[in-house]
Amino acid sequence: MMHTGRHFLQIPGPTNVPDRVMLAMAKPVIDHRGPEFAELGLDVLERVRAVFKTKGPVVIFPSSGTGACEAALTNTLSPGDRVLVCETGWFSHIAWRRVAERLGLAVEYLPGSWRKGASASAVEAALAADSQHTFKAVVVVHNETSTGVTSRLSEVRRAINRAHHPALLIVDTISSLGSMDLRHDEWEIDVTVAGSQKGLMLPPGLGFNAISEKALAASRTAKMPRAYWDWDEMLKANKSGFFPYTPATNLLYALREALEMIQEEGLENIFRRHQRYGDATRAAVRAWGLDILCEEPAEYSNSLTAVVLPDGHNADRLRQIILEKFDMSLGTGLGQLAGKVFRIGHLGAFNDLTLAGTLSGVEMGLGLAGVPHKPGGVQAALNSLASSVAEVATV
Ligand code: PLP
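Residues numbered from 1 in each chain as written. Predicted model: local features only at pLDDT ≥ 70, side-chain atom pairs only at ≥ 80, totals over all residues. Heavy atoms only, no water.

## Overview of the site of the ligand
So, point 1. Neighbouring the ligand are S64, G65, T66, F91, A95, V141, N143, T145, D172, I174, Q197 and K198.
So, point 2. Interatomic distance of 2.5 Å between a side-chain N/O atom of T145 and an oxygen atom of the ligand.
So, point 3. Here D172 contributes a side-chain N or O atom positioned 2.6 Å from a nitrogen atom of the ligand.
So, point 4. For the shell around the ligand, the elements supplying multiple residues, two or more each, are α4 (65-76) and α5 (90-102).
So, point 5. Considering only residue class, the shell around the ligand consists of 4 nonpolar, 6 polar and 2 charged. (Near = heavy atom within 4 Å. Polar contact = N/O pair within 3.5 Å; in protein donor to acceptor, adjacent residues only side chain to side chain. Helix = DSSP H or I, 4+ residues; strand = E, 2+ residues; numbered from the N terminus. Nonpolar A, V, L, I, M, F, W, Y, C, P; charged D, E, K, R; others polar.)

In C-alpha cells:
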C-alpha cells in the first residue's frame, strides 16, 4: 500500500531521530587521527557524563547495545566467575544470561516475573546466602524493554549494601537512559550500559559503558579475554579525544547535537515529559479496558507500555493491520509474550501530538482487528495530557 506523510516509528527503539541530529550527521567524514576529531572526541566524552549522572569515565563503542553488555562483562570478570542475573524479561535473558553463558561465566538466573521488576529482597537473600562472596556481579535491566517494567535500582543497591556483599552492580539502561532518571554515581552502579538508539535520539550504532572506580579496579585483575572491548586501551586513547580504532565519526557528530538538545531541554524536564507520556498512554489502555502488562504501578515504564490482548486475539495481527493501514510500527511481543502483547514506544524525540497520533492509530487498529475494547482511550489520553500541560516546560 502507498503511504503519504511520515512513517510513525513507535517501537520502543530505535526511536525517531530529530532533524537537527540528522543534519548534524550530514557532514564529511574527517580524519579520526587529526585535531578536528580530537576536539569532537573530548567534547562528547566530557559532556555525555551528565546524562549518566556520573563524574567518572564513560566509554563509547561503535557497537549495538549488546556489544556494550559484552564489554561490561569481559572487562570486569574472569572465566568461571559467578554472576547473578535478575530475570525480568526477554532482554535479561538474551542480552545478559545468554551472553554471559557464552562467555564462560557461571550464571545464576534469579527467577522473576515478566510483569514485575527485579526483586530487591530476592537479590538480598541470594547475596546474604553467599557468605564466601562467590558472586562477582549482579546484573539488573533497569527498564525491561520487552515488558515495560522498570526495576527500582536504588532499592537493589540498598539490598546489596544490606547484605554487605562486594559484588559489582551492572545495570542495563539501554531503554531508560535519557528518558527516566538514572544516577550512576548516587546509586553506586559499577557499570551502566547504554545504547544510542532510544532515549538519546540517535540512530543505532553506539554502545556506552559508564564505569565506577570499583569497576575500573576490577578490570585491572579481570582475566576474561578481551581485545576490541578493552577499556584500558580505550581510556588511554580517550584522554586525548581519540579512539584505539576507527570510531563511528558521524554518529559522534550526532551525539554532540543530541547532547546539546538534552542540555537545552534539561534532564529533569525530559523525565517529566516521559512521565506525562507514560501516564497518558496508561490512561488510554485503561479506558480501552485492556491490561497493562506491568502489574506494579511503582514500576511502570515511562518509555514504553506493553499492552496485553484478550485471549484469542493475536497482537501481531493487530500490529500488521496498523502497519498496513496507518503506516505505524509498534513493538512486537518477544519470547513468551509473542502474539500476546504489543508495545507502544513513547520515548525520545516525541511530543504530545505524536502520542495523540500514535494512540489514534492504535484505537483505529483495535476496531479494524475486531479486538474487543471500549472507545475513548484517545480521549482519556488527551485529558491526561491536557491536565498537566500547564506545568511543563516542553511538550
Ligand atoms: N537490553 C535492552 C534492555 C534492550 O532494550 C536491548 C535492545 O532493544 C538490548 C539489551 C540489546 O541491544 P541491541 O539490540 O542494541 O544490541
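Moving on, there is more to tell.
## Topic: the sheet that holds strand β9 (residues 191-195)
So, point 1. Pairing is mixed across the open sheet formed by 7 strands, whose spatial order is β2-β10-β9-β8-β5-β3-β4. Sheet topology places β2 (58-62) and β4 (106-110) at the edges, where each strand pairs with a single neighbour. If you compare each strand with its neighbour and ignore which way they point, the axes differ by 20° on average.
So, point 2. On top of the sheet, α5 reaches β3 (82-86), β4, β5 (135-141), β8 (168-172) and β9; it is set at about 155° to β4, its chief contact. (Pairing = 2+ DSSP bridges. Axes fitted to C-alpha atoms, helices over the stretch in contact; angles between N-to-C directions. Contact = heavy atoms within 4.5 Å.)

## Things to note about the sheet that holds strand β12 (residues 304-308)
Across a sheet, strands are paired by hydrogen bonds formed along the backbone, either parallel or antiparallel in direction.
So, point 1. As summarised here, the arrangement of the 3 strands in space is β11-β12-β14, forming an open sheet in which the pairing is antiparallel. Edge positions in the sheet fall to β11 (291-292) and β14 (341-345), since each of these pairs with one other strand and no more.
So, point 2. Judged from the 5 bridges that link them, β12 and β14 form a sheet pairing that is antiparallel. Considered in β14, the bridge of V308 is made with V341.

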